[in-house]
Amino acid sequence: MHIHSKLPNVGTTIFTVMSALATEFKAVNLGQGFPDYPMNEELIALVNEAMKAGYNQYAPMPGWLPLREAIAEKIEFLYHIKINPDTEITITPGGTYAIYSAFTTILQPGDEVVVFEPAYDSYIPNIEINGAKAVPVNLVYPDYKIDWPAVRNAITEKTRAIMINSPHNPTGAVISEDDILQLRKIVSGTNIFIVSDEVYEHLIFDNIPHQSILRYSDLLERSFVCFSFGKVYNCTGWKLGYCVAPAILTKEFRKMHQFNCFSCHTPSQVALANFLKNKDTYLGLSSFMQEKRDCFIRLMQDTKFGMLESKGSYFICAKYDRISNEGDRDFAIRLTKEAGVATIPVSAFYHNGKDDRVLRFCFSKKKKTLEAAIEKLVSI
Ligand code: PMP
Ligand code: GLN
């Protein structure tokens, strides 16, 4: 049989590759982004209760209504905007799926999408599988700020969307109010959509406010804003998230969703609807994660790595020019095999493999895990 690949240039994701290598070489895994500490017991109990109470059949296609209502309440509390839970929120099997469905909803063959690089690895394949073209614009190393004149140059009459991600994976950069103003100037009066990946909305440090697209009604009217419960509640394996978009966009989005996944895991939705009502379950997250970031930075001072800044997410990047001049992929592989610490080479987030000799570390780990990694890294 011959298959005409829709993604001829795509291999296995770098997260899978580095996690497999970590397992093979029994390395401390600071590569793939997932916590290695337990999730909230109360939330587990709520899922259990929901199952025992019989919530085990299909949820409604757009998602369990009380969960959508709880999300709308949370959005109003955080971002001061009223979102209609009935027509503007769809529960999805994870943030990645929400982003994919948003692109599938709006893209036609030949359309262009501006994507900032380094970019989370699913964006460009998601665009290409829809027959559209990604137009990469580099964030400016080492702060990974958006180069707005470059964005303006990248816009053509074919531009259908701009992809935003803040807090940013892999760099931990966050967008500012000025970025929002620049974005507004570019899209105003155009037919350009915004797909905003905000899965790290609560993981933002040093009291910086999260510049959610949800705060800006003129931007929201053209946006699909994507979230992940996996990231918020340390349950990446649940693969549950949601997409917020105006009713007219949500209507089209659901046409994709109903024939792709139809509806998501019911007991988790029932549990989250109750859990979300307690604001503390999300308001405490940034200080919890900031402590982990600060602890990791402190520990890394004993090594030869040069830390870059992380203002959000659960990632931080580091230069290794005082250790080696190898390419980042080779160095990351050697570090896993020889030093016993797995990381992610940042060049994997560029379509052309641009290599600034920087590695991404995930610090969403137990203190013991971070210490075990440093113990190995101090000697190289
Ligand atoms: N976007 C970014 C930037 C991410 O880091 C992740 C993490 N895995 C996702 C989307 C996907 O979220 P989910 O696991 O809910 O699909
Ligand atoms: N988002 C996670 C990361 O950036 C990994 C998710 C995945 O493995 N696809 O590490």
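Above this text is the structure in question.
Counting restarts for each chain, with residues numbered from 1 along the sequence as it is written. Labels are handed out in written order, letters beginning with A for the chains and numbers beginning with 1 for the ligands. Thresholds applied to this predicted model are a pLDDT of at least 70 for local features of residues and 80 or more for the giving and counting of side-chain atom pairs; totals over whole chains, interfaces and linings are not thresholded and use all residues. As a convention, hydrogens and water are excluded, and side-chain values are obtained from all of the structure's heavy atoms.

Axis lines are fitted through C-alpha atoms, for helices just across the contact stretch, and the angle between N-to-C directions can take any value from 0 to 180 degrees. Where helices and strands are cited, they refer to DSSP runs of H or I of at least four residues and of E of at least two residues respectively, numbered from the N terminus. The contact between helix α13 (residues 285–300) and helix α15 (residues 367–377) brings their axes to 10 Å, and the two run at 20 degrees. Relative to α15, the element α13 is oriented roughly parallel. Viewed along their axes, α13 and α15 form a crossing whose handedness is right-handed. Here α13 contributes K292, C295, F296, L299 and M300 to the contact with α15, which in turn contributes K367, L370, E371, I374 and L377. Split into classes, the residues belonging to the contact of α13 with α15 amount to 7 nonpolar, no polar and 3 charged. The scheme is simple: roughly parallel for angles under 35 degrees, roughly antiparallel for over 145, roughly perpendicular for 65 to 115, oblique for anything else. Throughout, a crossing is termed right-handed when the near helix is turned clockwise from the far one, and left-handed when it is turned anticlockwise from it by less than a right angle. Contact between two residues is taken to exist if any of their heavy atoms lie within 4.5 Å; hydrogens are not considered. All amino acids are sorted into three groups, where Ala, Val, Leu, Ile, Met, Phe, Trp, Tyr, Cys and Pro are nonpolar, Asp, Glu, Lys and Arg are charged, and the leftover types, Gly among them, are polar.

Note on placement: L46 falls in helix α2 (residues 41–52). On a C-alpha basis, the gap between L46 and A273 in space is 9.7 Å, while along the polypeptide they are 227 residues apart. Excluding anything up to four places from it in sequence, L46 contacts A271, N274 and F275.

A separate point is the sheet that holds strand β8 (residues 241–244). Two strands form a pair only when DSSP identifies at least two bridges running between them. Sheet architecture is open: 7 strands sit in the order β2-β8-β7-β6-β5-β3-β4, paired in mixed fashion. Only two strands of the sheet have a single neighbouring strand rather than two, namely β2 (89–92) and β4 (133–138). Each strand of the sheet is rotated relative to its neighbour by a mean of 20 degrees, with strand direction disregarded. Along the sheet, helix α3 (residues 65–79) makes contact with β2 and β8, crossing β2 at roughly 120 degrees.

Cavities and pockets were defined on a 1 Å grid built from protein atoms only: a cavity is a group of points that admits a 1.4 Å probe but offers it no way out, a pocket is an open group of points flanked by protein on both sides within 12 Å along at least five of seven lines, and a lining residue is one with an atom within 4 Å of any such point. Grid points are joined across faces, edges and corners, and a volume is the space filled by probe spheres set on the points. What the rule picks out here adds up to 1 cavity of 30 Å³ or more. Of the voids in this model, the largest cavity is the one considered here, and its volume is about 30 Å³. What lines the largest cavity is simply K74, E201, F227, S228, F229, V232, Y233, Y242 and L276. For the lining of the largest cavity, the secondary structure elements donating two or more residues are β7 (223–228) and α9 (229–232). For the lining of the largest cavity, the per-class residue count stands at 6 nonpolar, 1 polar and 2 charged.

Okay, the nonpolar core next. Of all hydrophobic cores here, the largest spans 99 residues; its most connected members are Y233, F305 and F361. Considering every element that reaches this core, the biggest residue donor is α3, with 7 residues. If we ignore the near neighbours within four places in the chain, the residues touching Y233 are M39, L43, L272, F275, L276, T281 and Y282. Buried Ala, Val, Leu, Ile, Met, Phe, Trp, Tyr and Cys residues that are joined via side-chain atoms within 4.5 Å together make up what is termed a nonpolar core. Three labels apply to residues, based on accessible area from a 1.4 Å probe with only protein chains included: buried if under 20% of the type maximum, exposed if over 50%, partly exposed otherwise in between. Listed in part, the 24 residues of the second largest apolar core include A102, V115, A119 and A245.

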